[in-house]
Amino acid sequence: MIFKIIKVDEISPAIGAEISNIDLGSALDSETVKEIRDALLRYRVIFFRDQDITPEKHLKFAKYFGDIVEYPMVNGLKDYPHVVPVHKKADEQYNFGGLWHSDTSYLPKPPMGAILVARILPAKGGDTLFANMVKAYEALSAPMKELLDGLVATNSSAKSDVVKSRVDSQKDMRSPPEPLIAEHPIVRRHPETGEKSLYVNFGHTVNICGMKDEESLPLLDFLFSHQRKEEFCCRFHWLPGSIAFWDNRATLHYPLNDYHGHERLMHRVTLAGDVPV
């Protein structure tokens, strides 16, 4: 793939690329937007450095790629409700979403993607890991692919580990009266590229529909371990002015919680997705 406007540098063989030669705070023409989307589809997650954008410009950039939706349970900024602060204060223990997950797979239509802007960073630590779920699927044996194709899994907002990661954020959250639950195929086909990918995740997937727990849980444990292998991953080191844009339909991510005693604040905008098939 040839990019004529943006400059693209891969950061690992499996996933991720840094995009440069662009100012995200300015108006973008259709060809530039197309190249950014093409890079996202190819590399699954793309990163930008040295960007200085306001919440208003953050929203404007996101709108080039789809409709913006609210993030469930978490309150946005007062003046920009679709810009959600992801905040860990210096005296807090847990970081929000601090485990391997795909965003809100407990919704009927999980997000297409998200755009995260660094606002306050610790001096050290706070990196984010990303994993390529197309490669994770392709690396499975033919019999395992045959077993998984057609299976459906249940995803819940109330899985104990992810609830723990929200403990310090409760004051900023709107807790639903009941857990949010959705069933999705374990192997989904990407709506734009047609590629198959694994669509389960440790944060939200609780069981395989139609199976007993003693059948379902060992298979899910295998998949959770398999999909975070180093050969499917990249690690992004945040700096002031950094932005990450990931394709939630084909990736997992894991914000590391290795900066206790220090503050970290990110601003997130979420893009509407479709029903996984």
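As a reminder, the structure under discussion sits directly above these lines.
So, how was this worked out
- Residues numbered from 1 in each chain as written.
- Predicted model: local features only at pLDDT ≥ 70, side-chain atom pairs only at ≥ 80, totals over all residues.
- Heavy atoms only, no water.
- Helix = DSSP H or I, 4+ residues; strand = E, 2+ residues; numbered from the N terminus.
- Rg over C-alpha atoms; globule rule 2.2 N^0.38 Å.
- Buried < 20%, exposed > 50% of the residue type's maximum accessible area, 1.4 Å probe, protein only.
- Areas by Shrake-Rupley, 256 points an atom, 1.4 Å probe, with all protein chains shown as cover.
- Lys, Arg positive; Asp, Glu negative; His and termini not counted.
- Charge placed at Lys NZ, Arg CZ, Asp CG, Glu CD.
- Polar contact = N/O pair within 3.5 Å; in protein donor to acceptor, adjacent residues only side chain to side chain.
- Pairing = 2+ DSSP bridges.
- Arc of directions from axis to C-beta.
- Contact = heavy atoms within 4.5 Å.
- Phe/Tyr/Trp six-rings, centres within 6.5 Å; stacked < 30°, edge-to-face > 60°.
- Lys NZ or Arg CZ within 6 Å of the ring centre and 35° of its normal.
- Expected span 1.5 Å × (residues − 1).

## Focus on the overall build of the protein chain
Looking only at helices and strands, the protein chain features six helices and 16 strands. Its C-alpha radius of gyration of 18 Å places the protein chain within 12% of the 19 Å reference for a compact globule of 277 residues. Principal axes of the C-alpha set define a box for the protein chain whose edges measure 50 × 45 × 30 Å. Of all 277 residues assigned to the protein chain, the portion counted as buried reaches 52%. Carbon and sulfur atoms provide 52% of the accessible area of the protein chain, an area that totals close to 12600 Å². For the protein chain, the distance from the average position of its 33 positive side-chain charges to the average position of its 38 negative side-chain charges is 1 Å.

## What about the environment of Thr 251?
Locating Thr 251 in the fold gives a position in strand E15 (residues 251-255). Thr 251 gets classed as buried once you look at its relative accessible area, which sits at 2%. A C-alpha to C-alpha distance of 8.6 Å links Thr 251 and His 101, two positions 150 residues apart in sequence. In this structure the side chain of Thr 251 is engaged in a polar contact, spanning 2.7 Å, whose partner is the backbone oxygen of Asp 247.

## What to know about the pairing of strand E2 (residues 17-20)
Residues of E2 alternate between two faces, with Ala 17 and Ile 19 buried on one and Glu 18 and Ser 20 left unburied on the opposite face. The pairing of strand E1 (residues 7-10) with E2 spans four bridges and is classified as antiparallel. Looking at the pairing, Asp 9 lines up with Glu 18 of E2. As consecutive antiparallel partners, E1 and E2 are separated by six residues, and within that stretch Gly 16 has a phi angle of approximately 100°, a positive value. Across three bridges, the pairing between E2 and strand E3 (residues 45-48) is parallel.

## Observations regarding helix H2 (residues 55-63)
Listed in full, the buried residues belonging to H2 are Pro 55, His 58, Leu 59, Phe 61 and Ala 62. The arc enclosing the buried residues of H2, seen along the axis, measures out at 160°, which places them on a common side. In H2, those exposed residues whose orientation departs by more than 90 degrees from the buried face are Glu 56 and Lys 63. Residues of H2 that are buried make contact with helix H1 (30-43), E3, strand E4 (68-69), strand E6 (113-120), strand E14 (243-247) and strand E16 (264-271).

## Some remarks on the side chain of Arg 44
Relative to the assigned elements, Arg 44 resides in the loop between H1 and E3. With a relative accessible area of 6%, Arg 44 lands in the buried category. A distance of 3.3 Å separates a polar side-chain atom of Arg 44 from the backbone oxygen of Leu 41. Excluding residues within four positions of it along the chain, Arg 44 makes contact with Ile 15, Ala 39, Asn 132, Val 134, Glu 195, Phe 245, Trp 246, Asp 247, Ala 250 and Thr 251.

## Topic: the packing of aromatic side chains
A full pass over the atoms with the stated rule returns eleven aromatic pairs. Residues Phe 47 and Phe 130 carry aromatic rings whose centres are separated by 5.6 Å and whose planes lie at 65° to one another, so their mutual orientation is edge-to-face. In this pair, Phe 47 sits in strand E3 while Phe 130 sits in strand E7 (residues 128-132), placing the two residues 83 residues apart along the sequence. Plain terms: the ring middles of Phe 202 and Phe 224 are 5.8 Å apart, the flat faces sit at 90° to each other, and that makes the pair edge-to-face. Of this pair, Phe 202 sits in the loop between strand E11 (196-198) and strand E12 (205-208) while Phe 224 sits in helix H6 (residues 213-226), and the two are 22 residues apart along the sequence. For Phe 202, a relative accessible area of 27% puts it in the partly exposed group. Phe 224 sits in the buried class, given a relative accessible area of 5%. A network of ring pairs unites the aromatic residues Phe 47, Phe 130, Phe 236, Trp 238 and Trp 246 as a single cluster. Seen from the ring of Tyr 199, Arg 188 lies directly overhead, with NZ or CZ sitting 4.8 Å from the centre.

## Quick word on H6
For H6, spanning 14 residues, the distance from its first C-alpha to its last is 19 Å, which sits close to the expected 20 Å at 1.5 Å a residue. Structurally, H6 contributes buried residues whose contacts are with helix H3 (133-138), helix H4 (142-148), E11 and E12.

## Some details on the side chain of Ser 102
Topologically, Ser 102 is positioned in the loop between strand E5 (84-88) and E6. Ignoring anything within four residues of it in the chain, the contact list for Ser 102 reads Tyr 199, Asn 201, His 204, Asn 248, Thr 251 and Leu 252.

## Section: the pairing of E14
The buried fraction of E14 amounts to five of the five residues, a majority that puts the element mostly inside the structure. Of the two faces of E14, both are covered, the one formed by Ile 243, Phe 245 and Asp 247 as well as the one formed by Ala 244 and Trp 246. Alignment of E3 against E14, held across four bridges, turns out to be antiparallel. Considered in E14, the bridge of Phe 47 is made with Ala 244. Alignment of E6 against E14, held across five bridges, turns out to be antiparallel. By the bridge assignment, Gly 113 is partnered in E14 with Asp 247.

So, to be careful, I would describe these as geometric facts and stop short of saying anything about function.
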